[in-house]
Amino acid sequence: VSDSIETCLLMLCIMVMCVVPLLVVDIGFLGLRGIHVLPVLPGWLVASGVLYMLLLASSISEKCERVPALVNSMAFGEGTEQARQQTVDYITSSAAGFYIRGMRLTTSVVVKALYVCFILVAGLLTRLVSTNESIGWR
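Just so it is clear, the structure is predicted and the values come from calculations on it, not from any experiment.

A.B. asks: Go over the overall build of the chain, please, and point to the residues and values.
C.D. replies: The helix and strand inventory of the chain stands at 6 helices and 2 strands. Starting at the N terminus and walking to the C terminus, you meet the elements of the chain as α-α-α-α-α-β-β-α. Looking at the 138 residues of the chain, the share that counts as buried comes to 22%. For the chain, restricting intrachain contacts to residue pairs at least 6 apart in sequence, the fraction spanning at least 24 positions comes to 71%. Summing over all exposed atoms, the chain offers an accessible surface of approximately 9,600 Å²; the carbon and sulfur share of this is 69%.

A.B. asks: Could you give an account of the pattern of salt bridges, with specific residues and numbers?
C.D. replies: In total, this model carries 1 salt bridge according to the counting rule given. In this structure, Asp3 and Arg101 form a salt bridge, with 3.9 Å as the shortest nitrogen-oxygen distance. Of this pair, Asp3 sits in helix 1 (residues 2-30) while Arg101 sits in the loop between strand 1 (99-100) and strand 2 (103-104); the two residues are 98 residues apart in sequence, bridging distant segments of the chain.

A.B. asks: How would you explain the nonpolar core if you had to name every residue and give the values?
C.D. replies: The biggest cluster of nonpolar side chains holds 14 residues, and the ones touching the most others in it are Val16, Val20, Leu54 and Leu105. Looking at this core, the elements with two or more residues in it are helix 1, helix 3 (41-65) and helix 6 (107-135). No other element matches the 5 residues that helix 1 contributes to this core. Contacts of Val16, omitting those with residues within four sequence positions, involve Pro21, Ala47, Val50 and Cys117.

A.B. asks: I'd like to hear about the side chain of Glu6, residue by residue, with values.
C.D. replies: You can see Glu6 is positioned in helix 1. No salt bridge is formed by the buried Glu6, whose closest oppositely charged neighbour, Arg101, lies at an N-O distance of 4.1 Å. There is a polar contact of 3.5 Å between the side chain of Glu6 and the backbone nitrogen of Arg101. Excluding residues within four positions of it along the chain, Glu6 makes contact with Tyr99, Ile100 and Arg101.

A.B. asks: Talk me through a nonpolar patch on the surface; I want residue IDs and the actual numbers.
C.D. replies: A contiguous nonpolar patch, built from Leu38, Leu41, Trp44 and Leu45 and spanning about 390 Å² of accessible area, is present on the exposed surface. Along the chain, the position of Leu38 falls in the loop between helix 2 (34-37) and helix 3.

A.B. asks: If you had to explain helix 3 to someone new, which residues and values would you point to?
C.D. replies: For helix 3, built from 25 residues, the straight-helix expectation of 36 Å at 1.5 Å per residue is met to within 8% by its first-to-last C-alpha distance of 37 Å. Inspection of helix 3 places Ala47, Val50, Leu54, Ala57, Ser58 and Ser61 among the buried residues, and these make up the whole buried set.

A.B. asks: So what about unusual backbone geometry? Which residues, and what values?
C.D. replies: A positive phi is found at Ala95, a non-glycine position, where the angle reads about 50 degrees. Along the chain, the position of Ala95 falls in the loop between helix 5 (81-94) and strand 1. Residues other than glycine seldom take positive phi values, yet Arg101 does so here, at roughly 50 degrees. Judged by its relative accessible area of 47%, Arg101 falls in the partly exposed class.

A.B. asks: Which residues make up the state of the cysteines, and what values do they have?
C.D. replies: Under the defined criterion, the tally for this structure stands at 0 disulfides. The thiol of Cys117 is not disulfide-bonded; the next cysteine sulfur, from Cys18, is found 8.8 Å away.

A.B. asks: Could you give an account of the environment of Lys63, with specific residues and numbers?
C.D. replies: Its place among the elements puts Lys63 in helix 3. With relative accessibility at 52%, the residue Lys63 sits in the exposed group. For Lys63 and Gly97, which are 34 residues apart along the polypeptide, the C-alpha to C-alpha distance reads 8.2 Å.

Criteria and cut-off values
- Residues numbered from 1 in each chain as written.
- Predicted model: local features only at pLDDT ≥ 70, side-chain atom pairs only at ≥ 80, totals over all residues.
- Heavy atoms only, no water.
- Helix = DSSP H or I, 4+ residues; strand = E, 2+ residues; numbered from the N terminus.
- Buried < 20%, exposed > 50% of the residue type's maximum accessible area, 1.4 Å probe, protein only.
- Contact = heavy atoms within 4.5 Å.
- Areas by Shrake-Rupley, 256 points an atom, 1.4 Å probe, with all protein chains shown as cover.
- Salt bridge = Lys/Arg side-chain N within 4 Å of Asp/Glu carboxyl O.
- Core = buried A, V, L, I, M, F, W, Y, C linked by side-chain atoms within 4.5 Å.
- Lys, Arg positive; Asp, Glu negative; His and termini not counted.
- Polar contact = N/O pair within 3.5 Å; in protein donor to acceptor, adjacent residues only side chain to side chain.
- Patch = residues over 30% accessible without salt bridge, like charges linked within 9 Å, V, L, I, M, F, W, Y side chains within 5 Å.
- Expected span 1.5 Å × (residues − 1).
- Disulfide = S-S within 2.5 Å.

As structure tokens, then:
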């Protein structure tokens, strides 16, 4: 079951990385008039929903990083220091978190993917504006 979920989540990420630049190009060609924004609105809603889902999933990994410090700060009574240290070592070595195809999903990974997507959007917008100016569109 987890392989299927990982594959679906990976495909959603790839879809968003491809759809967002195309939506920007569509808006660039159609203009920002109210009637032309409505056809691309569902795409923006899906892309923002997937981005929100990725940020929530990455927050799971961020929370799992703090568990060893929490367990280490707890007092379980006299003579339990060694057992507590073994538990903390086990939690640390298990590297719990949200994984997609063996890669841990963290907030920094999501932000880097978003950065790449924005670079693509900026490149497409630059190309679109330069093409429109050479044709004479406004």
